[in-house]
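Fold and contact review
Residues per chain are reported as follows:
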Amino acid sequence: MTNAFAPRPVEDFEDEFDLDMGYVASGPAAGVRLGNDLDAPYAAGGDARGIDDEAARPPLQFTTPAVAAAPAAPAHSAEPFDGQVPVVAGFNPVGDLVAGASAAFSPPALGGGGPEVSVPRIAIHVFAERQDTLAAAERAGQDRRLSRATTQIRVGGVAAAVEAYQHEPTPPLIIVECLKDPQTLLWEVDQLAEVCDAGTKVVVIGATNDILLFRELMRRGVSEYLVAPLQPLQLIAAIGGLFSDPAQPFVGRSIAFVGARGGTGSSSVAHNTAYAMSERIGANTVIVDYDLPFGTAGLDFNQDPLNGVADALSQPDRLDPVLLDRMMVRCTDKLSLFAAPATLDVDWDISPEAFEEVTNQIRSTAPFVVLDLPHLWSGWMRRTLIAADEVVVVATPDLASLRNAKNMIDLIRQGRPNDAPPRLVLNQVGVPGRPEIPAKEFGAALGVHPSLVIPFDPKVFGAAANNGQMILDAGAKSKAADAFQMLAQIVSRRELPMLTGPKGKAGKGDGRSMFSGLFKKKS
């Protein structure tokens, strides 16, 4: 065995940020710049250096101070510890500040609420002391982002971890909690290093919100330091950051559209929303039509259907960026299409793992991936809906849609305990002579307020479908076009660009922004 933890990869910050990014605390030292006047040695060994010195330090590894060999925890130094913050139960100012910023930049009305991370198939062991930490770890282990990982939660802190790993190998990630003073925490971490295998990453949860303690833990090889109390999404973001792939600069948001029953117009809503995201918002978007025998994406965009999705699902292990680009049909400069073959010659018996792998590969090609899901129920449908970053359920105001939408929303909520509930879109509202359930009562029965109500307009929708056009082109001034632009802003969490006309006056579309009213100057 070795006494070195795995070094933590360092990633550069990107220059551009948008509302899709989750703002989650990555440690008490985030965003803090220290001067040399705050540098003070720790009583447990090691010096606290400046940020400039830290950038030039060698790869992280453990040092073994003399006190680490003692059988008991070391006594406190006579020298006062200036950097220590008094521990107050339930007090975490950094966590509260970050949570407030996250709520401001990603409010619940926009579906924000979680970082977009991906965790590989690893084993994670958690040793927690506080009951709320145990609950947060258990809830994080049930999250869709950790679905591929195996999480074990045990009661006890660092001492319990040291005892456990005396006789068993360590997993790729260990999360330990220690509520003791900084000197004792450092001593216990040194004990843990003696029983850790090479390549193991360690996350420490402590009670002291202190920059010097954070830097000393980093110097000793700890991968991350978090301050209790924790939220599940904080823990998920920390784990995802440790195992992010440097070769994959980003993972696009997946937005799944599914109909509550047949004939709700889910595919039409998905295609028009994706088109509005690409043309009005200007975001690169990919549409994936997973309705293999009856998909209409090729017809709606007047494109010859290729076997792009079918070929990708038949060989998911061979996919790479070059092959994916060949399989896609480019509709516009910013919109690409994975059209379904729409043929009945093949019995499409494909494993759920193939759908998951293809979706993950496509997400690396564009910031937004719109999944057009068929109206059926199978293992891959369940997994796709739960794994998607955003789910939009399209329904019509009738009893069958109400029943099916409730079953879907309840199942998705159960499988996504840390995410916002699915979006509800009521389509084909106002059909002449048809009794309908009012939108308010429909939403009250589901516990989800409709995000959008699309009026029944057979002339515009019929002309667009027959001509292979989108509503924004066939009926740019219709209410449906405004509805799709609004839905595009909601699911993408982006605002329509401000277009200016002659003489500095706002041009068309200026008043359509869902955020514009928030920033108007009061007279």
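Everything numeric here is computed off the predicted structure, so don't read it as measured data.

What counts as what
Residue indices follow the written sequence of each chain, beginning from 1 at its first position. Per-residue local features are limited, in this predicted model, to residues with pLDDT of at least 70; the limit for side-chain atom pairs, both in listing and counting, is 80 or more; totals at the level of whole chains, interfaces and linings are taken over all residues. Hydrogens are left out, water is left out, and the side-chain values use all remaining heavy atoms of the structure. Inter-axis angles, ranging from 0 to 180 degrees, are taken between N-to-C directions of lines fitted to C-alpha atoms, where helices are fitted over the stretch in contact. In DSSP terms, a helix is any run of H or I states spanning at least four residues, a strand is any run of E spanning at least two, and both are numbered starting from the N terminus. Definitions for this section: a left-handed crossing has its near helix turned counterclockwise from the far helix by less than a right angle. A right-handed crossing has that turn clockwise. The contact criterion used throughout is that any non-hydrogen atoms of two residues lie within 4.5 Å. Residue polarity follows a fixed list, in which Ala, Val, Leu, Ile, Met, Phe, Trp, Tyr, Cys and Pro are nonpolar, Asp, Glu, Lys and Arg are charged, and the others, Gly among them, are polar. Buried means the residue's accessible area, taken with a 1.4 Å probe over protein chains only, is under 20% of the maximum for its type, while exposed means over 50%, and partly exposed covers the values in between. Salt bridge, as applied in this entry: a Lys or Arg side-chain nitrogen positioned within 4 Å of an Asp or Glu carboxyl oxygen. We score Asp and Glu as negative and Lys and Arg as positive, and we do not count His or the chain ends. In protein, a polar contact requires one atom able to donate a hydrogen and another able to accept it; more generally it is a pair of N or O atoms within 3.5 Å, and residues adjacent in sequence count only if both atoms are side-chain atoms. As a per-residue measure, pLDDT reflects the predictor's confidence and takes values from 0 up to 100. For the purposes of this section, nonpolar cores are sets of buried Ala, Val, Leu, Ile, Met, Phe, Trp, Tyr and Cys residues that join through side-chain atoms within 4.5 Å. We treat two strands as partners when DSSP finds at least two bridges between them. Handedness is read with the strands pointing away from the viewer; a crossover is right-handed when the path from the first strand over the helix to the second is clockwise. For Phe, Tyr and Trp, where Trp contributes only its six-membered ring, two rings pair if their centres lie within 6.5 Å, and the inter-plane angle classes them as stacked under 30 degrees, edge-to-face over 60, or tilted in between. Here, a charge over a ring means that NZ of Lys or CZ of Arg falls within 6 Å of the ring centre while also lying within 35 degrees of the ring normal.

1. Remarks on the packing of helix H12 (residues 352–363) against helix H13 (residues 379–387)
Running from amino to carboxyl end, H12 crosses H13 at an angle of 35°, the nearest separation of the two axes being 8 Å. Crossing hand, H12 versus H13: right-handed. Across from Pro 352, Glu 353, Phe 355 and Glu 356 in H12, the residues of H13 making contact are Gly 379, Trp 380 and Arg 383. Tallied by class, residues from the contact of H12 with H13 come to three nonpolar, one polar and three charged.

2. Examining unusual backbone geometry
For the bond running from Ala 228 to Pro 229, omega is 5°, close enough to zero to count as cis. Topologically, Pro 229 is positioned in the loop between strand E5 (224–227) and helix H7 (232–242). With a phi angle near 55°, Ala 342 is a residue other than glycine that sits in the positive phi range. With respect to the helices, strands and loops of the structure, Ala 342 is situated in the loop between strand E9 (335–338) and H12. On the basis of relative accessible area, Ala 342 is assigned to the partly exposed category, the value being 39%.

3. As for the pattern of salt bridges
Following the criterion strictly, the structure yields 18 salt bridges and no others. Note that Asp 132 is salt-bridged to Arg 130, the shortest N-O span being 2.5 Å. One salt bridge in this structure joins Glu 216 and Arg 220, with 2.9 Å as the shortest N-O distance. Across the pair, Arg 220 and Glu 216 agree in class, each one buried. Among the charged side chains, a network of salt bridges with common partners joins Asp 143, Arg 144, Arg 145, Arg 363, Asp 389 and Asp 419.

4. Side note on the side chain of Arg 416
Within the element layout of this structure, Arg 416 appears in the loop between helix H14 (399–415) and strand E12 (423–429). Buried and unpaired, Arg 416 has Asp 419 as its nearest opposite-charge partner, separated by 4.0 Å. Looking at Arg 416, its side chain comes within polar contact range of the main-chain oxygen of Ala 388, at 2.3 Å. Excluding anything up to four places from it in sequence, Arg 416 contacts Arg 144, Leu 385, Ile 386, Ala 387, Ala 388, Asp 389, Glu 390 and Val 391.

5. Comments concerning the confidence of the model for the protein
Within the protein, residue pLDDT values average 76, and 71% of them lie at 70 or more. Element-level pLDDT for the protein is lowest in helix H1 (residues 51–55), with a mean of 39, against a maximum mean of 95 in strand E11 (residues 390–395). Within the model, pLDDT remains below 50 along residues 10–115, and this stretch shows 166 contacts once partners closer than five positions in the same chain are excluded. Contacts of residues 500–512 to residues separated by more than four positions or lying in other chains number 17 contacts, the stretch itself having pLDDT below 50.

6. What to know about the nonpolar core
Membership of the largest hydrophobic core comes to 40 residues, with the highest contact counts inside it found for Val 288, Tyr 290, Phe 338, Ile 362, Leu 373, Leu 385 and Val 393. The residues touching Leu 385, leaving out its near neighbours within four places in the chain, are Ala 256, Val 258, Leu 373, Trp 377, Val 391, Ile 412 and Arg 416. Listed in part, the 38 residues of the second largest apolar core include Ala 339, Val 392, Ala 464 and Ala 488.

7. Quick notes on the pairing of strand E4 (residues 201–206)
When you tally the buried positions in E4, you get six out of six residues, the bulk of the element. Residue alternation in E4 divides its side chains into two sets, Lys 201, Val 203 and Ile 205 and Val 202, Val 204 and Gly 206, and both sets are buried. Where strand E3 (residues 173–178) meets E4, six bridges bridge the pair, whose relative direction is parallel. Each residue of the ladder has a partner; that of Leu 173, found in E4, is Lys 201. What joins E3 to E4 is helix H5 (residues 182–193), and the crossover it makes is right-handed. In terms of strand pairing, E4 meets E5 through four bridges, oriented parallel. What sits directly across from Gly 206, in E5, is Val 227. With helix H6 (residues 211–219) bridging E4 and the parallel E5, this β-α-β connection has right-handed handedness.

8. Things to note about the sheet that holds E12
Taken in spatial order, the eight strands make up an open sheet running E8-E9-E7-E10-E6-E11-E12-E13, and their pairing is mixed. Of all the strands in the sheet, the pair left with one neighbour each is strand E8 (329–330) and strand E13 (452–455). Where strand E7 (residues 285–289) and E9 come together, four bridges link them in parallel fashion. Its bridge partner being in E9, Val 286 is matched across the sheet by Ser 336. Taken strand by strand, H14 contacts strand E6 (253–259) and E11, and its axis lies near 170° from that of E11.

9. Some remarks on the pairing of E13
Looking along a regular strand, one sees side chains alternate from face to face of the sheet. Burial along E13 is one-sided: Leu 452 and Ile 454 are buried, while Val 453 and Pro 455, pointing the other way, are not. Here E12 pairs with E13 via three bridges, running parallel. The residue bridging Val 429 from the neighbouring strand is Pro 455, located in E13. Of the crossover connections in this fold, the one passing from E12 over helix H15 (residues 439–446) to the parallel E13 is right-handed.

10. Comments concerning the packing of aromatic side chains
Under the criterion given, the structure shown has five aromatic pairs. Ring centres of Phe 127 and Tyr 165 lie 5.7 Å apart, and the angle between their planes is 80°; on these two criteria the pair is classed as edge-to-face. Here the residue Phe 127 occupies a position in strand E1 (residues 123–128), and Tyr 165 occupies one in the loop between helix H4 (158–164) and E3, the gap between them amounting to 38 residues. Overall, the relative accessible area of 0% leaves Tyr 165 in the buried class. When the ring of Tyr 290 is compared with that of Trp 380, the centres are 5.7 Å apart and the planes differ by 75°; the resulting orientation is edge-to-face. Taken together, the residues Tyr 290 in the loop between E7 and helix H9 (297–300) and Trp 380 in helix H13 connect sequence positions 90 residues apart. With a relative accessible area of 10%, Trp 380 lands in the buried category. For Lys 201, the ring lying beneath its charged end belongs to Phe 243, and the centroid distance is 5.7 Å.

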